[in-house]
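What follows is each chain in one-letter form.
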Amino acid sequence: MKYLVSFGSGLLFALGLVVGGMTQPGKVVGFLDFAGDWDPSLAFVMGGAVVAYSVLYRLIVKKKRPLMEAKFHLPTRTDLDWRLIAGGATFGVGWGLAGYCPGPGLTAAATLSTPAVVFVIAMIGGMFLFGAFDKVVLNKRSKPQEPEQNPDLVGARVQVPSEN
Amino acid sequence: MENFTPIASTIGGLLIGLSAALMLLFHGRIAGISGIFRGVLQPKKGEFAWRAAFIGGLLAGGAALVFMTPELFAVSIDRSLVAVAAAGLLVGFGTRLGNGCTSGHGVCGMSRLSARSFVATASFMTAGAITVFIVNHLLGGAV
């Protein structure tokens, strides 16, 4: 029962992506093509989603806890660092190149469309490649973790991986 | 603007927002697809099932909808599989480096007025538009 909501939510998300036109790379690229035959549709997908979620988010987080978990798991980081900007830009180049982002890529891959399947396999590769890059190049894992209860750090940023 | 679909796209967006709200209401989670999918690939204890169920729903939705509305998968672009594979690598790598994608930062993050998400969204929108300009207008549209 507990995971039926997750499944239904994924199903609804897929319906929204498909109805909104996000599973059509030509429409996504058409939105990003400001110098060409611009298709503003994607702005309406984003607008509709942000309006709906903004309203519902504010109503939901007033509750003490979610219906099926002990507490809310929301991202807490507020710092702006180079990883955020470079990561966004790297993702954006891939998004503009193929017209797929992760959700629509997965939804379209389930239709067994060859480009979407290739995209998702490569995306999995990219996620694992990042793991190796993070470990070897950025050497992140060898640094000591910030202590959680250090009084000097109260109010400072908390190093919790945000779940976006 | 031959493909412009304002009504369908707004309805699609509302459904996406509603889906993300359901995840928050029941599970207290942000519906960020890249993060959820990453957690399926490298599961942590107690964090796998809800993620797998969500991704399962996303996939089941695509598989079911292509039979009902094949025309909603129709508008494609002219890209080689090598370009598509490169795009997938960049998307996988970039969403982990930047902690999110269009759903997590673009929809959930901006709705929560997260500065990080506004910056990430501006970054991927700009990079996407520059990429499309280069591909469509400098390279002739086929890569």
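The name recorded for chain B in an unreviewed UniProt entry is YeeE/YedE family protein, from Persicimonas caeni.

Chemist: Explanation requested: the overall build of chain A in the structure shown.
Modeler: Of regular secondary structure, chain A possesses 6 helices and 0 strands. Listing each helix as α and each strand as β along chain A from the N terminus yields α-α-α-α-α-α. When each of the 164 residues of chain A is scored for burial, the buried share is 48%.

Chemist: Sorry, what's going on with the interface of chain B and chain A here?
Modeler: Interfaces are often sized by the amount of accessible area the parts lose when they come together. Tallying the contact residues gives 112 residues for chain B and 108 residues for chain A. Interface area, chain B with chain A, both sides summed: about 10,000 Å², of which 74% is carbon and sulfur. At the boundary of chain B and chain A, one finds 3 salt bridges. Between aspartate 81 of chain A and arginine 116 of chain B there is a salt bridge, and its shortest N-O distance comes to 3.8 Å. Looking at the side of chain B that touches chain A element by element, the count peaks at 21 residues for helix α1 (residues 6-27) of chain B. Grouping the constituent residues of the side of chain B that touches chain A by class yields 63 nonpolar, 39 polar and 10 charged.

Chemist: Sorry if this is basic, but what is going on with the packing of helix α2 (residues 33-41) of chain B against helix α3 (residues 49-68) of chain B here?
Modeler: Angle between the axes and distance between the axes: these two values describe a pair of packed helices. All names here are of chain B. Packing of α2 against α3 leaves a shortest axis separation of 8 Å and a crossing angle of 115 degrees. Judged by the twist between their axes, the crossing of α2 over α3 is left-handed. Across from Ile33, Gly35, Ile36, Phe37, Gly39 and Val40 in α2, the residues of α3 making contact are Trp50, Arg51, Ala52, Phe54, Ile55 and Leu58. Looking at the contact of α2 with α3, its residues break down into 9 nonpolar, 2 polar and 1 charged.

Chemist: Can you walk me through the confidence of the model for chain A in this structure?
Modeler: Parts of the prediction with low pLDDT should not have their coordinates interpreted in detail. Averaged over all residues, the pLDDT of chain A is 88; the fraction at 70 or higher stands at 85%. Here residues 147-158 of chain A is a poorly scored stretch, pLDDT under 50, and it has 6 contacts once near neighbours within four places are set aside; other chains count.

Chemist: Help me understand the confidence of the model for chain B in this model?
Modeler: Of all residues in chain B, 99% have pLDDT values of 70 or greater, and the mean over the chain is 95. Overall fold confidence for the complex sits at a pTM of 0.90, while the interface term, ipTM, reaches 0.96.

Chemist: Could you clarify how one ought to interpret unusual backbone geometry in this entry?
Modeler: Trans peptide bonds make up most of the peptide bonds, and negative phi angles are found at most residues other than glycine. Despite not being glycine, leucine 112 of chain A has its phi angle at roughly 65 degrees, a positive value. Among the structural elements, leucine 112 of chain A can be located in the loop between α5 (102-109) and α6 (114-136). A relative accessible area of 69% means that leucine 112 of chain A is categorised as exposed. Phi is positive for asparagine 99 of chain B, which is not a glycine, with a value near 60 degrees. Tracing the chain through its elements places asparagine 99 of chain B in the loop between α4 (81-97) and α5 (102-111).

Chemist: I would appreciate a short explanation of the side chain of serine 54 of chain A in the present structure.
Modeler: Positionally, serine 54 of chain A belongs in helix α3 (residues 41-60). For serine 54 of chain A, the side chain forms a polar contact with the side chain of serine 111 of chain B, separated by 3.4 Å.

Chemist: Is there a simple way to explain the UniProt feature "transmembrane region" (unreviewed entry) in chain B in this structure?
Modeler: The positions that UniProt labels "transmembrane region" (unreviewed entry) are, in the present scheme, residues 6-27, 48-68, 80-97 and 118-139 of chain B. With 95% helix and 0% strand, residues 118-139 of chain B has its two end C-alpha atoms placed 30 Å apart.

Chemist: Would you explain the pattern of salt bridges in this entry?
Modeler: Should their charged atoms come close, side chains of opposite charge can pair. All chains considered together, the criterion is met by 9 salt bridges over all chains. Among the salt bridges present, the one from aspartate 134 of chain A reaches arginine 83 of chain A, with a minimum N-O distance of 3.1 Å. Of this pair, aspartate 134 of chain A sits in helix α6 while arginine 83 of chain A is found in helix α4 (residues 82-98), placing the two residues 51 residues apart along the sequence. The same class applies to aspartate 134 of chain A and to arginine 83 of chain A, which are both buried. The closest approach of N and O atoms between arginine 51 of chain B and glutamate 47 of chain B, which form a salt bridge, is 3.6 Å. The class of arginine 51 of chain B is buried, set by a relative accessible area of 5%. For glutamate 47 of chain B, a relative accessible area of 19% gives the class buried. Taken together, the shared-partner salt bridges connect Glu69 of chain A together with Arg29, Glu47 and Arg51 of chain B into one network.

Chemist: What's the story with the packing of aromatic side chains in this structure? I'm lost.
Modeler: Between two aromatic rings, the relevant description is the distance of the centres plus the angle of the planes. Evaluated as defined, the whole model comprises 13 aromatic pairs over all chains. The interplanar angle of 70 degrees and the centroid separation of 5.9 Å between the aromatic rings of phenylalanine 13 of chain A and phenylalanine 54 of chain B together place this pair among those described as edge-to-face. You can see phenylalanine 13 of chain A sitting in helix α1 (residues 2-20) and its partner phenylalanine 54 of chain B sitting in helix α3, one on each of two chains. Of the two residues, phenylalanine 13 of chain A and phenylalanine 54 of chain B, both sit in the buried class. Site record: aromatic cluster; members linked through ring pairs are Phe31, Phe34 and Trp38 of chain A.

Chemist: Would you mind showing me how to read the environment of glycine 88 of chain A here?
Modeler: Within the element layout of this structure, glycine 88 of chain A appears in helix α4. Considered as a pair, glycine 88 of chain A and alanine 14 of chain A are 74 residues apart in the sequence and their alpha carbons are 23 Å apart. Not counting residues within four places of it along the chain, the set of residues in contact with glycine 88 of chain A comprises Gly94, Gly98, Ala120, Ser123 and Phe124 of chain B.

The rules behind these values
Residues numbered from 1 in each chain as written. Chains lettered and ligands numbered in written order. Predicted model: local features only at pLDDT ≥ 70, side-chain atom pairs only at ≥ 80, totals over all residues. Heavy atoms only, no water. Helix = DSSP H or I, 4+ residues; strand = E, 2+ residues; numbered from the N terminus. Buried < 20%, exposed > 50% of the residue type's maximum accessible area, 1.4 Å probe, protein only. Contact = heavy atoms within 4.5 Å. Buried area = accessible area lost by both parts, 1.4 Å probe. Salt bridge = Lys/Arg side-chain N within 4 Å of Asp/Glu carboxyl O. Nonpolar A, V, L, I, M, F, W, Y, C, P; charged D, E, K, R; others polar. Axes fitted to C-alpha atoms, helices over the stretch in contact; angles between N-to-C directions. Left-handed = near helix turned anticlockwise from the far one by under 90°. pLDDT = per-residue confidence, 0-100. Polar contact = N/O pair within 3.5 Å; in protein donor to acceptor, adjacent residues only side chain to side chain. UniProt positions renumbered as here; feature names shortened; annotations may be inferred. Phe/Tyr/Trp six-rings, centres within 6.5 Å; stacked < 30°, edge-to-face > 60°.

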